[in-house]
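Chain by chain, the residues run as shown.
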Amino acid sequence: MPQSSETVKPSDALLAGSGAGSFSRAVLQPLDVIKIKMQLSLKPTAASASGAAASDHGSHPMKHNRYHKSILSVVRSTIKHEGIRAMWKGHNPAQVLSIGYGSVQFGAYEKLNNAALSAVDFKQHGKLGQFLEKFVVGGIAGMCATTATMPVDTIRTRVVFQNAADKVYRSMWHAGTSIVRQEGVTQLYKGLGPSVVQIFPYAGLHFAYYYLFEQALRDRFPAGWINVETLVCGGLAGAVSKWHVLPMDMVKKRMQIQGFGLWKELGHPHFETSRACFCHIVRHEGPRGLVKGGTASTLKAVMTSAVTFWAYHYVLRILQATDKQFDY
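Residues numbered from 1 in each chain as written. Predicted model: local features only at pLDDT ≥ 70, side-chain atom pairs only at ≥ 80, totals over all residues. Heavy atoms only, no water.

S.K.: Mind showing me how you'd approach the state of the cysteines here?
M.R.: Disulfides are covalent bonds that connect the sulfur atoms of two cysteines. Taken as a whole, this structure holds zero disulfides when the rule is applied. Summary of cysteine pairing: Cys277 is not part of a disulfide, and the nearest cysteine sulfur, belonging to Cys279, is at 9.3 Å. (Disulfide = S-S within 2.5 Å.)

S.K.: Before we go on, may I ask you to explain the confidence of the model for the chain in this structure?
M.R.: Low pLDDT means the predicted atomic positions in that stretch should not be read closely. Taken over all residues, the pLDDT of the chain has a mean of 80, while the share at 70 or more is 81%. The least confident element of the chain is helix H2 (residues 46-54), whose mean pLDDT is 45; the most confident is helix H8 (residues 228-242), at 91. Within the model, the stretch residues 45-64 combines pLDDT values under 50 with 28 contacts to residues more than four positions away or in other chains. (pLDDT = per-residue confidence, 0-100. Helix = DSSP H or I, 4+ residues; strand = E, 2+ residues; numbered from the N terminus. Contact = heavy atoms within 4.5 Å.)

S.K.: Just to check I follow, could you spell out empty space enclosed by the protein for this structure?
M.R.: Over the atoms rolls a probe the size of a water molecule, and its path tells where empty space is left. Scanning all chains against the criterion turns up three cavities of 30 Å³ or more. Every residue lining the largest cavity is counted, 36 residues in all, and those nearest its centre are Arg25, Tyr101, Tyr202, Lys300 and Thr304. (1 Å grid on protein atoms, 1.4 Å probe; cavity = no way out; pocket = protein on both sides within 12 Å on 5 of 7 lines; lining within 4 Å. Points joined across faces, edges and corners; volume = space filled by probe spheres on them.)

S.K.: I keep staring at the pattern of salt bridges and nothing clicks. Help me out?
M.R.: Two side chains carrying opposite charge are able to pair once their charged atoms lie near each other. Tallying each qualifying case throughout the model produces four salt bridges. A salt bridge links Asp153 to Arg156, with the nearest nitrogen and oxygen atoms 2.5 Å apart. Here the residue Asp153 and the residue Arg156 both occupy positions in helix H5 (residues 126-161), the gap between them amounting to three residues, near one helical turn. Looking at Arg156, the relative accessible area reads 3%, which means it is buried. For Asp249, the salt bridge is made with Lys242, and the minimal N-O distance between the two is 3.6 Å. (Salt bridge = Lys/Arg side-chain N within 4 Å of Asp/Glu carboxyl O. Buried < 20%, exposed > 50% of the residue type's maximum accessible area, 1.4 Å probe, protein only.)

S.K.: Explain the packing of aromatic side chains here, please?
M.R.: For any two aromatic rings, the description comes down to two numbers: the centre-to-centre distance and the angle of the planes. Applying the stated criterion to the full structure yields eleven aromatic pairs. Centre to centre, the rings of Phe106 and Phe207 are 5.8 Å apart; their planes meet at 80°, and the pair counts as edge-to-face. Here Phe106 is found in helix H4 (residues 91-119), whereas its partner Phe207 is found in helix H7 (residues 192-217), with 101 residues between them in sequence. Like Phe106, the residue Phe207 is buried in the burial classification. Measuring from centroid to centroid gives 5.3 Å for Trp310 and Tyr314, while their planes differ by 15°, and the two rings are stacked. Highlighted residues: Trp310 and Tyr314, both in helix H12 (residues 294-327), separated by four residues, approximately one helical turn. Given the relative accessible area of 13%, Trp310 is considered buried. Pairwise contacts between aromatic rings join Phe106, Tyr109, Phe207, Tyr210, Phe309 and Tyr312 into one cluster. Sitting over the face of the ring of Tyr202, Lys242 holds its NZ or CZ atom 5.3 Å from the ring centroid. (Phe/Tyr/Trp six-rings, centres within 6.5 Å; stacked < 30°, edge-to-face > 60°. Lys NZ or Arg CZ within 6 Å of the ring centre and 35° of its normal.)

S.K.: Explain the environment of Val8 here, please?
M.R.: Summarising the element assignment, Val8 is placed in the segment before helix H1 (10-39). The buried category is assigned to Val8, whose relative accessible area is 2%. Here the alpha-carbon distance between Val8 and Gln320, two residues 312 residues apart in the chain, equals 8.7 Å.

S.K.: I keep staring at the packing of H7 against helix H9 (residues 246-257) and nothing clicks. Help me out?
M.R.: Any two packed helices are characterised by the angle at which their axes cross and by the distance between the axes. The interhelical angle for the contact between H7 and H9, taken along N-to-C directions, is 155°, at an axis separation of 8 Å. The angle between H7 and H9 places the two elements in the roughly antiparallel class. The chirality of how H7 crosses H9 is left-handed. Of the residues in H9, those touching H7 at Pro194, Ser195, Val197 and Gln198 are Met248, Asp249, Val251 and Lys252. Partitioned by chemical class, the residues of the contact of H7 with H9 number four nonpolar, two polar and two charged. (Axes fitted to C-alpha atoms, helices over the stretch in contact; angles between N-to-C directions. Parallel < 35°, antiparallel > 145°, perpendicular 65-115°, else oblique. Left-handed = near helix turned anticlockwise from the far one by under 90°. Nonpolar A, V, L, I, M, F, W, Y, C, P; charged D, E, K, R; others polar.)

S.K.: Mind showing me how you'd approach the packing of H5 against H7 here?
M.R.: Relative to each other, H5 and H7 sit at 140°, their axes nearing to 6 Å. The angle between H5 and H7 falls in the class oblique. Seen from above, H5 lies across H7 with right-handed handedness. Class assignment for the residues of the contact of H5 with H7 results in 18 nonpolar, eight polar and one charged.

S.K.: Just checking my understanding: could you explain the nonpolar core for this structure?
M.R.: Nonpolar side chains in soluble globular proteins tend to end up buried together. In this structure, Tyr209 and Tyr312 are the most contacted members of the largest nonpolar core, which totals 28 residues. Counting only elements with at least two residues in this core, the list comes to H1, H4, H5, H7, H8 and H12. Broken down by element, the residue count for this core peaks at seven residues, all from H7. Ignoring sequence-local partners within four residues, the contact set of Tyr209 consists of Phe131, Ala237, Val240 and His244. (Core = buried A, V, L, I, M, F, W, Y, C linked by side-chain atoms within 4.5 Å.)

S.K.: Any chance you could explain a nonpolar patch on the surface here in plain terms?
M.R.: On the surface, a nonpolar cluster with roughly 280 Å² of combined accessible area is contributed by Ile79, Ile84 and Trp88. Position of Ile84 among the secondary structure elements: in the loop between helix H3 (71-82) and H4. (Patch = residues over 30% accessible without salt bridge, like charges linked within 9 Å, V, L, I, M, F, W, Y side chains within 5 Å. Areas by Shrake-Rupley, 256 points an atom, 1.4 Å probe, with all protein chains shown as cover.)

S.K.: What should I look at first to understand the side chain of Thr78 in this one?
M.R.: The topology assignment puts Thr78 in helix H3. For Thr78, a relative accessible area of 2% translates into the label buried. When neighbours within four sequence positions are excluded, Thr78 is seen to be in contact with Lys37, Gly83, Ala86 and Met87.

Next up, the structure:
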């Protein structure tokens, strides 16, 4: 995000956002796989445990979808049973998600931010007024991006959750068409409620905290193509904002995966509402169950936010320099 006094063309923001999303996804996809596996990791029910014990050939899904207590456990299990390439499982749909999400989010943010700054002089309201403006604009931009990319997010979650031994979906297209045919098109938007509830404060705080840290740390780091200030501000903003929304992220993932054959085989219930899912997690896994995978989620948020903001700035500078050349 450029300095608050600058305005950015929405078209440049859209291209820079898509480039930033694609780059950060390619680099950090393993962290997302770890986070999803930990969030969907459950202690086996009595029925699923007995089913696993009764399996003569060791092909029961419980053999490969273990209860993970740590990041290292996820990494070891995934590589052992599925190979190192599984750490990039679901990369294609994830790339589509990141490119779409990044372009819509940054494009909408810059468009709304330019409109807000032209309508009101937020500097008159001090730092609090500017913080709140970034929060509201960032939250709305995040909601737009989440709604636009929700079907891809659902498909990606399904692809990551399946394992090599019991593969259900051959490709992103096969996953999407199978879900629509077997469960209905509404399943692609399952978990949209908690996603929107989660993303407004997360995206809002993300941009607002970035602005706050940017103001506090401006000119504290040396200039160069590796913009350390952007990396630090982005990482701090990602960490602080992520911990505000971890419970809703957990509910969203559980809602997205239900209806999947493997989820049923593991003996876990079907939830009609996000509230029912939330209460079930608290009742059976305790309050800590709502932040399961919190370390992996925070680590991913820090690195993704830092890399995304850095890549966004880098691509944006190139686009703006190109625009100036064509202006002459």
